[in-house]
Amino acid sequence: MKGVVFDIQRFALLDGPGIRTTVFLKGCPLHCDWCHNPESQRLSPQLMYNREKCRLCLECLRVCPHDVHRFDSDRHDINYENCRQCGQCVEACVYGALTLSGREMDVDEIMHIVHQDRVYYEESGGGLTISGGEPMLQYGFTAELLRAAHHNHIHTCLDTSGYAPQEHYREIVGDIDLVLFDYKYFDADSHFKMTGQSNSLLLQNLEFLYHNGPGIILRCPLVPGINDTVEHLSSIAGLAVQYPQLLAVDILPYHDMGRDKASRAGKEYRIPAGVVPDGNMKKKWLEQLFSLGCNKARIV
Amino acid sequence: MFETEKIFTQTYIKYRNEHPATRELACYGAMYPSVLGEIQEHDLFAGRISYPYIGFSPEPGGFGYYIQKEELLKAAQENELDAEEMREVNNLIAFWENECTKTKVRAAYPQQTARALPSDNWTSESGVAFPLYRLAGGYLDYRKLLFTGISGIIYEIDNYESATGDVDTLYFYSALKNALRVFSGICYLYAGKANRMALLCKDEKRKKELTTITDNLEFIAVNPPKTFAQAIQLSWLYSLVSGVLNYGRMDYYLGDFYVHDIDKGIITEEQALAMLTSLWQLIADRKTVFNGRVIIGGKGRKNEKNADRFALLALQATQDVKEIEPQLTLRFYNGQNPLLWEKAMTIIGQGRTYPMLYNDDVLVPAVAKAFAIDKADAEHYMPFGCGEIVINHKSYGSPNGVINLLKVLEVTLHNGCDPVTGMPMGIKTGDIAGFTDFEQLFAAYQMQVEYYVEQLAIQEEIEYRIAGENAVFLFQSILYDDCIKRGKSLFAGGVRYLGGTLETYGNTNVADSLTAIRQLVYEKKECTLPQLVAMLDANFAGHENIRLKLLKAPKYGNDDAVADDMLVRVHEHVCNFTRQQKQKTALHSYLVVVINNWANTIFGRVTAASADGRRYGESLTNGNAPADGCDLNGATALLNSLVKPSPAIHAGAVQNLKFSREMFTDFRPQLEALLKAYFRQGGAQAMINVVNPGDLENAMREPEKYGHLFVRVGGFSARFVELPGQVQREIINRTLYTKDRV
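Just so it is clear, the structure is predicted and the values come from calculations on it, not from any experiment.

Asks: Give me the overall build of chain A: which residues, what numbers.
Replies: The number of helices and strands found in chain A is eleven helices and 13 strands. A compact globule built from 300 residues would reach a C-alpha radius of gyration of about 19 Å, and chain A, at 20 Å, matches this within 12%. C-alpha atoms of chain A, sized along the principal axes, occupy 60 × 45 × 35 Å. Here chain A holds 300 residues, and 58% of them are scored as buried. Expressed as a percentage of contacts within chain A between residues at least 6 apart in sequence, the contacts between residues at least 24 apart total 68%. Summed over its atoms, the accessible surface of chain A is roughly 12,400 Å², and 50% of this surface lies on carbon and sulfur atoms. One way to put it: in chain A the 29 positive side-chain charges average out to a point 3 Å from where the 38 negative ones average out.

Now the structure itself:
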């Protein structure tokens with residue numbers, strides 16, 4: 001079985017315990033305003049253009065059969081609509097300005113890479129993390145990867161938004177050791193505005209996963225002025241009370257590095273510039289959560 | 001002016017035709033005591049040395065009977081000598097240019113060797129291979145010294161002497177004993193100095209220290225030491241006088257003295273640390289640049305518990321004394337006292353680089369195989385200098401040849417011509433236009449390597465032979481197996497295993513170049529080999545696109561089989577061929593070393609642009625490291641690549657690893673796991689650096705060389721090199737200075 005993968009990071013240290021290999025799967029049913037992997041949202045491979053690296057050599061124009069590249073008075077514009085992801089311009093671009101995000105890989109190919117770091121997992125208590133995108137969108141592929149890893153006694157971790165049919169989680173829950181479960185906002189309407197989906201399904205799945213095996217770390221992205229409201233922080237603390245066995249409550253402070261990738265993927269990025277939280281703000285969030293009784297909170 | 005040099009020269013001339021042992025002894029008499037330095041204000045031990053412009057030494061002053069011509073001329077000019085004095089200096093130079101050991105070695109080269117190695121000037125001339133003149137890497141039997149004492153060793157020599165009737169051997173033994181008496185004399189001389197200083201000293205504490213120095217020197221001049229302080233004094237002073245630059249398995253020879261004094265309440269821990277700190281400072285002040293190794297830990301120490309206690313003290317001294325030397329070296333194995341490892345990690349995390357780490361579980365069997373010796377001997381493997389391995393006081397393995405492998409490829413691509421100078425170089429291996437497949441090119445490269453390695457092995461053998469004919473190296477012969485027993489000097493049949501080593505540079509550049517050539521020329525057929533070589537000769541001028549394509553080809557250091565297999569192939573060829581030279585020479589072993597110093601930069605300056613994308617003049621890669629900025633797959637992939645070339649066919653390879661400071665602060669358990677996994681998988685060695693402010697400046701200038709820097713954000717997918725410049729700068733700043741992640 002093949003899946004569309006847009007990155008594999010070895011020696012990942014922040015996607016679960018120990019030293020891990022994180023496999024990023026393409027495609028996401030949400031489109032959060034602050035998404036830091038905006039190139040992952042679409043399921044199919046995607047052309048990325050880095051203006052800083054472009055030397056206007058016109059090689060891409062020469063090889064492209066689909067009229068994607070336009071040059072106008074020292075400016076290179078991309079018509080993303082026309083792109084069929086054939087990769088010819090990427091191959092021709094020696095400056096690395098054009099890349100293709102996402103390619104089809106099969107389970108064996110990925111597991112071969114995962115296996116290369118097996119000794120590191122053993123020494124560190126690490127393993128495989130599947131992230132995205134939303135890995136449950138390519139649910140069948142995710143299930144096979146998890147099964148293959150578990151079969152080989154490799155620790156597995158799923159980084160999910162929780163937005164998938166519950167029966168999908170039910171089928172794979174036996175092969176997951178740890179879930180990094182996103183929690184973005186408490187209020188269903190606002191959640192819809194921020195992400196394009198309501199949060200009710202997510203909360204049902206959290207309930208399900210919590211009672212069915214794997215350890216869970218709640219991962220809460222906080223964007224100043226967008227979702228760092230008192231009500232939301234209270235609801236995070238509330239979840240920690242409701243689910244006392246949560247392993248941790250991780251606060252993921254907003255960072256700005258998705259902006260550049262959005263522009264390279266030809267996507268709109270809606271978070272205004274200049275809202276990156278400073279150290280004081282992160283400390284304040286943590287103090288608020290502690291004062292609300294959420295002592296498992298930590299900044300990652 | 002130059003009194004020592006003149007007296008030395010007169011003495012040498014007077015004894016010129018005497019037995020080499022007798023002559024050498026007389027020359028020591030001319031050098032000592034004038035080369036010895038005063039006891040300085042904070043020294044707890046006597047012994048400092050500075051070598052004259054003309055003298056005798058294995059390496060530190062020069063090779064054998066040496067002259068430092070440039071330095072001597074410079075000093076003469078600075079002192080504005082009159083015409084008569086200048087004439088004397090010129091006479092000295094004229095005499096020694098003919099008579100020094102180095103000249104005699106070069107004169108002994110057969111025609112073939114002289115043709116392959118036409119120059120000795122490796123730091124400025126363009127060339128493939130050069131000889132180095134030195135006897136580097138001596139490691140003395142300090143335990144014998146400390147547990148037998150000066151008089152005990154004289155007694156031992158007496159016994160051998162009375163059993164032989166061979167006149168030559170009698171000269172040798174007699175000189176050995178007299179050398180030890182010279183050493184005793186040096187002890188008494190320093191004792192006298194310390195005593196006079198004590199009498200004049202007004203500070204009571206310092207007076208007491210100086211009195212102790214006096215008493216200890218008078219005692220060890222004859223007797224085996226009884227205390228920790230005496231043991232340090234004897235071993236230190238003997239190292240200086242013998243001219244060795246590395247200080248042995250210190251925990252093995254000082255551990256028992258240390259534990260004895262502590263447990264009997266003779267000294268406190270504070271006093272012991274103060275002594276070691278003083279020794280560390282003395283070692284640092286000697287400024288040997290590439291040496292000063294102190295080895296601790298590892299298998300084969302019969303007094304392991306005591307040795308480990310000393311090793312912890314040594315680690316503490318290294319934490320406190322922030323100098324480049326000693327180059328503290330920790331050997332370890334599975335099952336060793338974990339305190340040593342833990343302490344080492346803490347110190348490394350502070351950015352000290354030391355201790356360098358050596359994995360016995362890999363290296364003991366690897367050394368046994370590479371050197372063809374048994375395991376018991378291999379347990380006493382000792383890295384010295386930049387990372388060459390010898391066997392403690394049983395083997396010599398002086399690195400007396402250097403070869404620039406990338407230059408070998410360059411000369412091959414020009415069919416026996418150096419494109420930098422336009423002069424013929426090496427052998428003609430065929431016109432590259434005729435290489436219709438990659439294997440033909442590879443075979444030509446191999447032939448060129450073999451041509452040089454054969455001559456380098458012969459050169460090493462000659463260098464030892466001439467050294468052995470000219471000098472006996474008395475102080476080292478006394479403490480080297482089996483010189484006394486055999487009645488033979490170090491390089492004239494005395495040392496048990498007389499081996500040699502060859503420093504190779506540019507190994508990774510060659511492998512990456514060959515990978516790129518195979519891909520672009522023979523697989524993708526982007527250009528022909530002559531076309532590519534023309535672009536290299538033009539230093540890529542007008543062909544930047546080809547350079548970028550070459551850079552895009554697989555590179556060593558990413559756990560990529562294509563690139564790594566090529567490195568292994570290059571590595572195995574040069575290592576195995578070099579190792580085979582022991583069959584053609586009298587050397588017990590002749591082995592490659594892949595080490596770290598500045599030779600990669602020196603050679604880079606005269607090496608044309610290469611097919612790995614490197615431009616003319618840029619440094620070659622260092623040690624066994626990937627090219628700068630080319631390891632893009634993370635630390636686990638890098639380490640997986642590093643363990644692929646076999647450690648069992650050479651005499652040492654150095655692995656420089658660099659981690660950002662946050663790895664030691666925020667990710668310490670993962671870092672330790674990373675290293676443990678590396679060593680478990682066959683990692684032999686690691687020298688761990690912490691990214692420092694100097695790197696920051698470099699990274700700002702050349703971000704493309706810092707592709708290995710990581711962006712640590714949970715669930716975020718991006719490589720450092722892909723980020724906009726402003727963000728790159730922020731990340732560099734953050735990973736260097738603060739713990740606060742984005």
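Asks: Give a detailed account of the interface of chain A and chain B, specifying residues and quantitative values.
Replies: Taken together, the contact between chain A and chain B spans 44 residues of the former and 44 residues of the latter. Summed over both partners, the interface of chain A with chain B comes to about 3,700 Å²; 55% of that surface belongs to carbon and sulfur atoms. On the chain A side of the interface with chain B, the three residues burying the most area are A:Phe11, A:Tyr120 and A:Met257, jointly 20% of the side's total. Linking chain A with chain B are four salt bridges. Here B:Arg680 and A:Glu122 are joined by a salt bridge, their closest N and O atoms 2.6 Å apart. Summed over the shared surface of chain A and chain B, the result is eleven residue pairs in polar contact (both at pLDDT 80 or more).

Asks: Can you lay out the confidence of the model for chain B for me, pointing to particular residues and giving the numbers?
Replies: Residues and elements named next belong to chain B. Scored by pLDDT, chain B comes out at a mean of 94, with 95% of its residues at no less than 70. This stretch, residues 737-742, has a pLDDT under 50; its non-local contacts, to residues over four places away or in other chains, come to 22 contacts. In the predicted complex, the global pTM is 0.93; the interface-specific ipTM is 0.93.

Asks: Could you give me a rundown of empty space enclosed by the protein, with the residues and numbers involved?
Replies: Residue and element names in this part refer to chain B. Per the stated rule, a full pass over the model turns up eleven cavities of 30 Å³ or more. Of the voids in this model, the second largest cavity is the one considered here, and its volume is about 260 Å³. Around the second largest cavity, the lining is made up of 26 residues, and of these Pro647, His650, Ala653, Gln655 and Ala684 lie nearest the centre. Residue assignment for the lining of the second largest cavity shows that the elements contributing at least two residues are α15 (360-371) and α25 (561-580). Tallied by class, the residues present in the lining of the second largest cavity amount to 15 nonpolar, eleven polar and no charged.

Asks: An account of the domain arrangement of chain A is needed here, citing residue identities and associated values.
Replies: Residue and element names in this part refer to chain A. Parsing chain A into structural domains produces domain 1 (2-43 + 102-299) and domain 2 (46-101). If you average the C-alpha positions of domain 1 and of domain 2, the two centres end up 31 Å apart. The interface is formed by eleven residues belonging to domain 1 together with nine residues belonging to domain 2. When domain 1 packs against domain 2, close to 890 Å² is buried across both sides, 44% of that on carbon and sulfur atoms. Interface area lost by domain 1 to domain 2 is led by Arg42, Gly102 and Arg264, which between them contribute 58%. Inspection of the domain 1/domain 2 interface yields zero salt bridges. At the junction of domain 1 with domain 2, the criterion picks out four residue pairs in polar contact (both at pLDDT 80 or more). At three residues, helix α10 (residues 257-264) tops the list of elements feeding residues into the side of domain 1 that touches domain 2.

Asks: Can you explain the domain arrangement of chain B? Please cite residues and give values.
Replies: Interface size, as often reported, equals the accessible area lost upon joining of the parts. Residues and elements named next belong to chain B. If you check the domain split of chain B, you get domain 1 (3-112) and domain 2 (113-131 + 388-524 + 555-621). With centres defined by C-alpha atoms, the gap from domain 1 to domain 2 works out at 31 Å. Both faces considered, domain 1 and domain 2 share a buried interface measuring about 1,900 Å² in area, 62% of it formed by carbon and sulfur atoms. For the domain 1 face of the interface with domain 2, the top three residues by lost area are Arg106, Tyr109 and Gln112, together amounting to 31%.

Asks: Describe in detail the packing of helix α8 (residues 167-200) of chain B against helix α10 (residues 228-242) of chain B, supporting the description with residues and values.
Replies: All names here are of chain B. The N-to-C vectors of α8 and α10 enclose an angle of 120°; their axes lie 11 Å apart at closest approach. Here α10 runs oblique to α8, going by the angle between their axes. Two packed elements cross with a definite hand, and for α8 against α10 that hand is right-handed. Residues Leu180, Phe183, Ile186, Cys187 and Tyr190 of α8 touch α10, and the partners they reach there are Leu234, Leu237, Tyr238 and Val241. When grouped by side-chain class, the residues that make up the contact of α8 with α10 number nine nonpolar, no polar and no charged.

Asks: Can you break down the nonpolar core residue by residue, with the values?
Replies: Counting residues in hydrophobic clusters, the biggest one holds 254 residues, and the most contacted among them are B:Phe228, B:Leu276, B:Trp280, B:Ile403 and B:Leu529. Filtering out sequence-adjacent residues up to four positions away, B:Trp280 remains in contact with B:Met250, B:Val294, B:Ala314, B:Ala317, B:Thr318, B:Val321, B:Glu325, B:Pro326 and B:Leu328. In terms of nonpolar packing, the next biggest core, distinct from the first, is built from 53 residues, A:Tyr139, A:Tyr183, A:Ile216 and A:Leu289 among them.

Asks: Describe the sheet that holds strand β12 (residues 248-253) of chain A, naming the residues involved and giving the relevant values.
Replies: Residues and elements named next belong to chain A. In space, the nine strands of this open sheet follow the order β7-β1-β2-β8-β9-β10-β11-β12-β13, with mixed pairing throughout. At either end of the open sheet lies a strand with only one pairing partner, and these are β7 (103-106) and β13 (297-299). Each adjacent strand pair in this sheet contributes to an overall mean axis angle of 30°, direction not counted. Relative to strand β8 (residues 127-131), strand β2 (residues 20-25) runs parallel, the two being bridged by five bridges. Paired with Thr21 across the two strands is Leu128, which belongs to β8. Strands in contact with helix α3 (residues 107-116) are β1 (2-12), β2, β7 and β8; relative to β7, the strand with the most contacts, it is inclined by about 75°. Sheet strands in contact with helix α9 (residues 230-242) are β11 (215-222) and β12, and its direction is about 175° off that of β11.

Asks: Can you lay out unusual backbone geometry for me, pointing to particular residues and giving the numbers?
Replies: In this chain, A:Gly132 is followed by A:Gly133 through a cis amide linkage whose omega measures 15°. Relative to the helices and strands, A:Gly133 resides in the loop between β8 and α5 (139-151). The omega torsion of the bond from B:Tyr32 to B:Pro33 falls at 5°, within 30 degrees of zero and hence cis. Here B:Pro33 shows up in the loop between α2 (20-31) and β1 (54-57). A positive phi angle, near 50°, is found at B:Asn415, a position not held by glycine.

Asks: Requested: an account of the environment of B:Gly493, with residues and values cited.
Replies: Residues and elements named next belong to chain B. Relative to the assigned elements, Gly493 resides in helix α21 (residues 490-494). By relative accessible area, which is 37% here, Gly493 ends up partly exposed. Separated by 17 residues in sequence, Gly493 and Gln476 have C-alpha atoms that sit 13 Å apart. Setting aside residues no more than four positions away along its own chain, Gly493 makes contact with Arg486 and Lys488.

Asks: Could you give me a rundown of the sheet that holds strand β9 (residues 395-404) of chain B, with the residues and numbers involved?
Replies: Residues and elements named next belong to chain B. In spatial order, the strands read β3-β9-β10-β11; together these four strands make up an open sheet with mixed pairing. Pairing within the sheet leaves two strands with one partner each, and these edge strands are β3 (129-131) and β11 (589-593). Averaged over all pairs of adjacent strands, the angle between their axes in this sheet comes to 30°, without regard to strand direction. Relative to β11, strand β10 (residues 497-505) runs parallel, the two sharing five bridges. Counterpart to Thr501 in the pairing with β11 is Leu591. Across the sheet, helix α18 (residues 438-470) touches β3, β9, β10 and β11, and the angle it forms with β9 is around 140°.

Asks: An account of the pattern of salt bridges is needed here, citing residue identities and associated values.
Replies: All names here are of chain B. Counted by the stated rule, this structure contains 62 salt bridges over all chains. Where Arg134 meets Glu503, a salt bridge forms, and the shortest distance between an N and an O atom there is 2.8 Å. Pair noted here: Arg134 is in the loop between β3 and α7 (142-162) and Glu503 is in strand β10, with a separation of 369 residues, a long-range link. Residues participating in the shared-partner salt-bridge network are Asp377, Lys394, Asp481, Asp482, Arg486 and Arg496.

Rules of the game
- Here, residues in each chain are numbered from 1, in the same order as that chain's written sequence.
- Throughout, the order in which chains and ligands are written sets their labels, letters from A for the former and numbers from 1 for the latter.
- The predicted nature of this model means local features are confined to residues of pLDDT at least 70 and side-chain atom pairs, given and counted, to a pLDDT of 80 or more, with totals for whole chains, interfaces and linings taken over all residues.
- Note that water and hydrogens are dropped before the side-chain values are worked out from all heavy atoms of the structure.
- Every helix listed is a DSSP run of H or I at least four residues long, and every strand listed is a run of E at least two residues long, numbered separately from the N terminus.
- C-alpha atoms define the radius of gyration, and 2.2 Å times the number of residues to the power 0.38 defines the globule rule.
- Here's how the labels work: a residue is buried when its accessible area is under 20% of the maximum for its type, exposed when over 50%, partly exposed in between, all with a 1.4 Å probe on protein chains only.
- Residue contacts are defined here by distance: any two heavy atoms, one from each residue, within 4.5 Å place the two residues in contact.
- Accessible surface area values rest on a Shrake-Rupley calculation with a 1.4 Å probe, where residue burial reflects the displayed protein chains alone.
- Residues scored as positive are Lys and Arg, those scored as negative are Asp and Glu, and His as well as the terminal groups of each chain are ignored.
- Where a charge lies is defined by one atom per residue type, namely NZ (Lys), CZ (Arg), CG (Asp) and CD (Glu).
- Accessible area that two parts lose when put together, evaluated with a 1.4 Å probe and summed over both, is termed the buried area.
- Take a side-chain nitrogen of Lys or Arg and a carboxyl oxygen of Asp or Glu: if they are within 4 Å of each other, that pair is a salt bridge.
- Residues adjacent in sequence count toward polar contacts only when both atoms are side-chain atoms; beyond that, a polar contact is any pair of N or O atoms within 3.5 Å, and within protein one must be able to donate a hydrogen and the other to accept it.
- pLDDT expresses, on a scale from 0 to 100, how confident the predictor is about each individual residue.
- For cavity detection a 1 Å grid was placed over the protein atoms alone, and a set of points counts as a cavity when a 1.4 Å probe fits there but cannot get out; an open set counts as a pocket when protein lies on both sides within 12 Å along at least five of seven lines, with lining residues being those that have an atom within 4 Å of a point.
- Grid points are joined across faces, edges and corners, and a volume is the space filled by probe spheres set on the points.
- For this classification, the nonpolar set comprises Ala, Val, Leu, Ile, Met, Phe, Trp, Tyr, Cys and Pro, the charged set comprises Asp, Glu, Lys and Arg, and every other residue, Gly included, is treated as polar.
- The split of the chain into domains comes from an automatic or database domain assignment.
- Inter-axis angles, ranging from 0 to 180 degrees, are taken between N-to-C directions of lines fitted to C-alpha atoms, where helices are fitted over the stretch in contact.
- Just so you know how the angles are binned, under 35 degrees is roughly parallel, over 145 roughly antiparallel, 65 to 115 roughly perpendicular, and the rest oblique.
- Take the far helix as the reference: if the near one is turned anticlockwise from it by less than a right angle, the crossing is left-handed, and if turned clockwise, right-handed.
- Think of a nonpolar core as a cluster: buried Ala, Val, Leu, Ile, Met, Phe, Trp, Tyr and Cys residues, connected wherever their side-chain atoms sit within 4.5 Å.
- Here, any two strands with at least 2 DSSP bridges between them count as paired.

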